[in-house]
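Observations on the three-dimensional arrangement
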Amino acid sequence: MRRILLCCAALLCPFFVHAVEVTSLPVASNVPGGIAIVDTAMTATEGRYRNDKIMLVEFEGTQYAIIGIPLNAAIGEHSLTLESADGTEVTRLFAVQDKLYVEQRLTITNERQVNPNNDDMVRINRESAEMNEAFSSWDETLQPVFAMRAPVDGVRSSSFGLKRFFNEQPRAPHSGMDIAAPEGTPIYAPAPGVVRSTGEYFFNGNTIILDHGHGLISLYCHMNTIDVVPGTRVETGEQIGKVGQTGRVTGPHLHWSINLNNVRVDPALFIQD
């Protein structure tokens, strides 16, 4: 009888392991760089958007898909695919609205930080591969927390999504939140997680990547010191480093990014001031 009960439990398990119970939801913002929160209207075991796995959560008895919308997303109707335990696939639709992001023009004194040479590009490509591997992590042993505290006390100096120009040359939009603070100011974990990776990178300087579970990943750049090592579990409010000005910067600050289903989204949607 014991063996039969264990087998039955194993068969039932897929109905529950793919939706994680959460105590709050992030702020919904159906714009490029925002977050769509879609009621699945079913018990889905897996969801995908643009061929990437998406987070499924249970909140107050309802299952939702939590979807990061890329900054380059087209305006209009988008779809996600949900799969049930028996393999049935269902499509859900949501609309993405336009948002105007302003421009920012910065002067960088180190010309190589704007136009890297061939050796720099070899390093940059290697570092990008390392970070992309960390960003693709999907850890179902961690319970994501959406109500985050700001990781450092300071002035939020550059907003997410800014159309950026370095030395009058157009570059990718700003994919995080910059918080200006004096060098050496402590940086704290905004939510529980595991240190997935650390490194000293060409553009990002001293960097930490935290994994909060189910595709929710946060990034911390330009740090003076890194006070944690990969594999370490950190709790909300635990110091992970100090503010610096390493990498491509114009002054001391923290660049803080959040990835959701491997898409950079606005960190302001998570801050619970």
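Each value, and the rule that gives it
- Residues numbered from 1 in each chain as written.
- Predicted model: local features only at pLDDT ≥ 70, side-chain atom pairs only at ≥ 80, totals over all residues.
- Heavy atoms only, no water.
- Pairing = 2+ DSSP bridges.
- Helix = DSSP H or I, 4+ residues; strand = E, 2+ residues; numbered from the N terminus.
- Axes fitted to C-alpha atoms, helices over the stretch in contact; angles between N-to-C directions.
- Buried < 20%, exposed > 50% of the residue type's maximum accessible area, 1.4 Å probe, protein only.
- pLDDT = per-residue confidence, 0-100.
- Contact = heavy atoms within 4.5 Å.
- Phe/Tyr/Trp six-rings, centres within 6.5 Å; stacked < 30°, edge-to-face > 60°.
- Salt bridge = Lys/Arg side-chain N within 4 Å of Asp/Glu carboxyl O.

1. Digging into the sheet that holds strand S8 (residues 89–96)
The strands making up a sheet associate through hydrogen bonds between their backbones, and the pairing can be parallel or antiparallel. The strand order S4-S3-S7-S8 describes an open sheet built from four strands, whose pairing is antiparallel. The sheet terminates laterally at strand S4 (52–53) and S8, the two strands that pair on one side only. The pairing of strand S3 (residues 46–49) with S4 spans two bridges and is antiparallel. The residue of S4 that forms the bridge with Tyr 49 is Asp 52.

2. Points about the sheet that holds strand S6 (residues 62–68)
Across the sheet, which stays open at both edges, the four strands sit in the order S1-S5-S6-S2 with mixed pairing between neighbours. What marks the edges here is a single partner per strand, and that holds for strand S1 (19–21) and strand S2 (35–39). With direction set aside, neighbouring strand axes in the sheet form an average angle of 35 degrees.

3. Concerning the pairing of strand S20 (residues 253–260)
Buried residues dominate S20, accounting for eight of its eight residues. Burial along S20 is two-sided: the face carrying His 253, His 255, Ser 257 and Asn 259 and the face carrying Leu 254, Trp 256, Ile 258 and Leu 260 are both buried. The sheet contact formed by strand S13 (residues 177–180) and S20 spans four bridges and is antiparallel. Looking at S20, one finds that Asp 178 is bridged to His 255. In this structure, strand S17 (residues 216–226) lies alongside S20, joined through six bridges in antiparallel fashion. Bridged to Leu 219 within S20 is Ser 257. In this sheet, strand S21 (residues 263–265) lies alongside S20 in antiparallel orientation, the contact comprising three bridges. Across the sheet, residue Asn 259 finds its bridge partner in S21, namely Arg 264.

4. Remarks on the confidence of the model for the protein
As a general rule, the predicted coordinates of low-pLDDT regions are not to be interpreted in detail. Residues with a pLDDT of 70 or more make up 83% of the protein, whose mean pLDDT is 86. Within the model, pLDDT remains below 50 along residues 1–17, and this stretch shows five contacts once partners closer than five positions in the same chain are excluded.

5. Here's the deal with the packing of aromatic side chains
For the structure on display, the rule yields three aromatic pairs. Seen in terms of ring centroids, Phe 146 and Phe 270 are 6.2 Å apart; in terms of plane orientation they differ by 40 degrees. Their pairing is tilted. Here Phe 146, found in the loop between helix H2 (118–135) and strand S10 (155–158), pairs with Phe 270, found in the segment after S21; they are 124 residues apart in sequence, far enough to count as distant. Accessibility expressed as a relative area gives 1% for Phe 146, which makes it buried.

6. Brief notes about the pattern of salt bridges
One pass over the full model with this rule turns up eight salt bridges. Arg 196 is paired through a salt bridge with Asp 211; the nearest N and O atoms lie 2.7 Å apart. Separated by 15 residues along the polypeptide, Arg 196 in strand S15 (residues 193–201) and Asp 211 in strand S16 (residues 205–213) bring together distant segments of the chain. Among the residues examined, Arg 196 registers a relative accessible area of 30% and is labelled partly exposed. We classify Asp 211 as buried; its relative accessible area is 0%.

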